[in-house]
Amino acid sequence: MSKPDIDYSLYLVTGRELLPPGKDYYESLEESLKGGVTLVQVREKDTDTGEFIEVAQKTKEVCDKYGVPVLINDRIDVCLAVGAAGIHIGQTDTPLLIARSLLPPTAIIGLSVTTPDQARLAIEHGADYVGIGPVWYTTSKDLKGKLSIGPEGAGAILEVLAESRIPAVAIGGIHPPNLPFLFHASIAPDSRNYLAGIAVISDIVSSLTPETASRGLKQVIDSFLRSRSATKQPKAVFATEVGQSRTVEGFLDTVAELMVVVKKETPLIHQITNNVVINDSANATLAVGASPIMATHPKDVKDLSPAIGALLINFGTISDKEGMLVAGRQANVNRKPLVFDPVAVGGTAHRRDTSKELLSHWQPTVIKGNAAEIGALAGSSEVATRGVDSVGSSFKDPAALVKSLARRRGAIIVLTGESDYISDGETVLKASNGHSLLGHITGSGCMTGTLIATFCAGARLSHLATKQVFEGESMLVQGDMLAGALAGVLVMTVAADVAAAREDVRGPGTFRAALLDELYNLTPEVLKQRAKIEIL
Ligand SMILES: Cc1ncc(COP(=O)(O)OP(=O)(O)O)c(N)n1
Ligand SMILES: Cc1nc(C(=O)O)sc1CCOP(=O)(O)O
């Protein structure tokens, strides 16, 4: 006999102590199975053996009706007693090799892992699957001080598992608002290995309507898994038409179209930005035809989210972290483009920690930064930070750097500098407009972030106008976000070229005013004539 084929996509871990008052365990279980649970683990932490066996037996009877396998948490004896499909063990439970020797050869053995080293051992010892966690904080279990690893930590483990093809589920604090983010942000950077599913307790068990709760999770999971198996494209976060706009002319046509869309639709661009540049960023948004809103209070930003076209989070002065956390999460929930500008992220430990915290709460569509900022996120020390500026020359191979960071982060990376590099992890674009006067006014980089958010909003609207429906529950954003990011960069830098060439511009003061005018006056035709881009 061979091992059973297991569908790990929606893995329910039971928790009778978390049922809503008055809700019967077996009724809740059956409802969750109707909603699409594909695997059940009976987890009884403080139950006597006799009662554990009884619960496991009855659980198996209910699951058998739905053809759903049952695993037992920790206890080999209970597994054998009820003829369950296998067990799930943790790092301090019966060692895997011993468990394997005690169980039938067809038994499934899952192991909890929190680090890449534990994943290596799981492969070596022949685990059938791993549970990666805790991805986020949970109140369903005492984590005993264990820190959550976030989707990035899960991605690092998936990289280790890629070759072995051992399936992995994520566990810990998973709920509908963070589910699409989890799937996209935990893709292994190089191998593109991804989660086989999620394991949850409270989202299903604590629900009064477990069938609805399970169905909601299952829709998102299935949509993600379908999109991954249907395409080898790494564009996990944002849907772009494959093959569309992949020539210089095609990109410029799309950029020109986005300029028109933004003027016509006037999307609301929500910006949580630093107080040095609030006014300039709001004016730049208005100048290109969109509408700025600079709200920062957590309650305010939550309500705003459904109405906005895109969100910019620029943490230059990091005074509104709560608002950034809530707004970013809501942008993911409402599938709005989210541009992250991690100003001077390499400059202080506080900035590095804040960036890490934000990136473990939400998934950006675009990350924009100068060489020092992008270097800090990529873990490169080629370029240092001084204040908000980069010091020293740029990277030896900026194209390779943006491409690999884009893959690692599942986001479009925009590296600004004398030339700008933009990548979605597949294509790398180099844009070479701009003027040295941009370096003599405050906030020109921040305004670029604003314009990227603005044109990503345009790209989403343009996509929705033609496609009508949102395809794929698991897609975080739809539309040609690479073209949106390029449009933001080109509109800013071409307008700067035009402004700097004006006779009335004699230095930073007159340039600043002229730049705003030229952002306002820039036409798609002039942009197309002056844009200098290459596909690398
Ligand atoms: C699918 C899955 N992943 C991880 C765990 C946690 O197991 P463990 O570390 O043994 O902790 P306890 O569940 O025993 O408290 C799990 N149960 N299931
Ligand atoms: C049982 C368990 N193990 C975890 C781990 O990280 O190993 S987290 C966890 C609890 C998961 O519950 P919820 O879905 O309610 O957050």
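Summary of the structure given here. For every chain, the first residue of the written sequence is number 1, and numbering continues from 1 onward in sequence order. All chains are assigned letters beginning with A, and all ligands numbers beginning with 1, in the order in which they are written. Residues qualify for local features only when their pLDDT is at least 70, as the model is predicted, and side-chain atom pairs are given and counted only at 80 or more; totals for whole chains, interfaces and linings, by contrast, use all residues.

1. A few points about the overall build of the protein
Turning to step 1, where the next piece is worked out: When you go through the protein residue by residue, the secondary structure sums to 20 helices and 21 strands.
Turning to step 2, where the next piece is worked out: It is over C-alpha atoms that the radius of gyration is taken, and the globule rule equals 2.2 Å times the number of residues to the power 0.38. Relative to its length of 536 residues, the protein is compact, with a C-alpha radius of gyration of 25 Å against a globular reference of 24 Å.
Turning to step 3, where the next piece is worked out: Projecting the C-alpha coordinates of the protein onto the three principal axes gives extents of approximately 90 × 45 × 40 Å.
Turning to step 4, where the next piece is worked out: Here exposure depends only on C-beta density: within 10 Å of a residue's C-beta, 20 or more other C-beta atoms make it buried, 12 or fewer make it exposed, and intermediate numbers make it partly exposed, the C-beta atoms being placed from the backbone. A buried classification covers 53% of the 536 residues belonging to the protein.
Turning to step 5, where the next piece is worked out: Our contact criterion uses C-beta atoms placed from the backbone: two residues qualify when those atoms are within 7 Å. Within the protein, counting contacts between residues at least 6 apart in sequence, those at least 24 apart form 73% of the total. What counts as a helix is a DSSP run of H or I of at least four residues, what counts as a strand is a run of E of at least two, and both are numbered from the N terminus.

2. Considering helix H2 (residues 49–65)
Residues spaced three or four apart along an α-helix point in a common direction, a consequence of the helix completing one turn every 3.6 residues.
Turning to step 1, where the next piece is worked out: Given the number of residues in a helix, its expected span is that number minus one, multiplied by 1.5 Å. Spanning 17 residues, H2 covers 25 Å between terminal C-alpha atoms, matching the ideal 24 Å at 1.5 Å per step.
Turning to step 2, where the next piece is worked out: By the burial criterion, the buried members of H2 are Phe52, Ala56, Thr59 and Cys63. The buried residues of H2 occupy an angular sector of 65° when projected down its axis, which confines them to one face. Looking at H2, the residues exposed on the side facing more than 90 degrees away from the buried face are Gly50, Glu51, Glu61, Asp64 and Lys65.
Turning to step 3, where the next piece is worked out: In this fold, the buried residues of H2 make contact with helix H1 (25–34), strand E2 (39–42), strand E3 (70–73) and helix H3 (76–82).
Turning to step 4, where the next piece is worked out: Phi turns positive one or two residues past the end of H2, at Gly67, with a value near 65°. This arc corresponds to the set of directions leading from the helix axis out to the C-beta atoms.

3. Some remarks on the pairing of E3
Turning to step 1, where the next piece is worked out: Neither face of E3 is left uncovered, since the one carrying Val70 and Ile72 and the one carrying Leu71 and Asn73 both have all their residues buried.
Turning to step 2, where the next piece is worked out: As judged from the 3 bridges shared by E2 and E3, these two strands associate in the parallel manner. Paired with Val40 across the strands is Val70, a residue of E3.
Turning to step 3, where the next piece is worked out: The parallel pair E2 and E3, bridged by H2, forms a crossover whose chirality is right-handed. For two strands to be treated as a pair, DSSP must find no fewer than two bridges joining them. If you view a crossover with the strands going away from you and the path from the first strand over the helix to the second runs clockwise, you call it right-handed.

4. Some thoughts on the site of ligand 1
Turning to step 1, where the next piece is worked out: Around ligand 1 sit 18 residues, and of these Gly90, Ser112, Gly131, Ile171 and Ala199 come closest.
Turning to step 2, where the next piece is worked out: For the shell around ligand 1, the secondary structure elements donating two or more residues are strand E1 (10–13), strand E4 (86–89), strand E5 (108–113) and strand E7 (168–171).
Turning to step 3, where the next piece is worked out: In the scheme used here, Gly and all other residues not listed as nonpolar or charged are polar, with Ala, Val, Leu, Ile, Met, Phe, Trp, Tyr, Cys and Pro taken as nonpolar and Asp, Glu, Lys and Arg as charged. For the shell around ligand 1, the per-class residue count stands at 6 nonpolar, 8 polar and 4 charged. Think of it this way: take the backbone, place a C-beta atom on it, and check whether that atom is within 6 Å of the molecule or strand, in which case the residue is near it.

5. Section: the sheet that holds E7
Turning to step 1, where the next piece is worked out: Taken in spatial order, the 8 strands line up as E1-E2-E3-E4-E5-E6-E7-E8 and close into a barrel, and their pairing is parallel. On average, each strand axis in the sheet is inclined to that of its neighbour by 25°, with strand direction left out of account.
Turning to step 2, where the next piece is worked out: Axes, fitted as lines to C-alpha atoms, cover a helix only where it is in contact. Angles between the N-to-C directions of the axes lie from 0 to 180 degrees. The strands touched by H2 within the sheet are E2 and E3, with E2 carrying the most contacts at an inclination of about 170°.

6. Observations concerning unusual backbone geometry
Turning to step 1, where the next piece is worked out: The linkage connecting Gly133 with the following residue, Pro134, adopts the cis geometry, with an omega of -5°.
Turning to step 2, where the next piece is worked out: As for its position among the elements, Pro134 is in the loop between strand E6 (129–132) and helix H6 (150–161).
Turning to step 3, where the next piece is worked out: We note that Asp74 has phi near 70°; this positive angle belongs to a residue other than glycine.
Turning to step 4, where the next piece is worked out: Mapped onto the elements, Asp74 comes out in the loop between E3 and H3.
Turning to step 5, where the next piece is worked out: The class of Asp74 is buried, set by 20 C-beta atoms lying within 10 Å.
Turning to step 6, where the next piece is worked out: In this structure, Arg192 is a non-glycine residue whose phi angle is positive, near 70°.
Turning to step 7, where the next piece is worked out: Residue placement: Arg192 occurs in the loop between helix H7 (179–185) and strand E8 (197–200).
Turning to step 8, where the next piece is worked out: Among the residues examined, Arg192 registers 17 C-beta atoms within 10 Å and is labelled partly exposed.

7. Examining the site of ligand 2
Turning to step 1, where the next piece is worked out: Lining the immediate surroundings of ligand 2 are 15 residues, of which Gly133, Pro134, Thr138, Ser140 and Ser202 lie closest.
Turning to step 2, where the next piece is worked out: Classifying every residue of the shell around ligand 2 by side-chain character gives 6 nonpolar, 7 polar and 2 charged.

8. Remarks on the sheet that holds strand E18 (residues 420–423)
Turning to step 1, where the next piece is worked out: Reading across the sheet, the 9 strands line up as E11-E10-E12-E13-E14-E17-E18-E19-E21 and stay open at both edges, with mixed pairing between neighbours. Pairing within the sheet leaves two strands with one partner each, and these edge strands are strand E11 (291–293) and strand E21 (533–535). Across the sheet, the axes of successive neighbouring strands diverge by a mean angle of 20°, strand direction being ignored.
Turning to step 2, where the next piece is worked out: Across 3 bridges, strand E19 (residues 428–431) lies against E21 in antiparallel orientation. Among the inter-strand pairings, Leu429 is bridged to a residue of E21, identified as Ile535.

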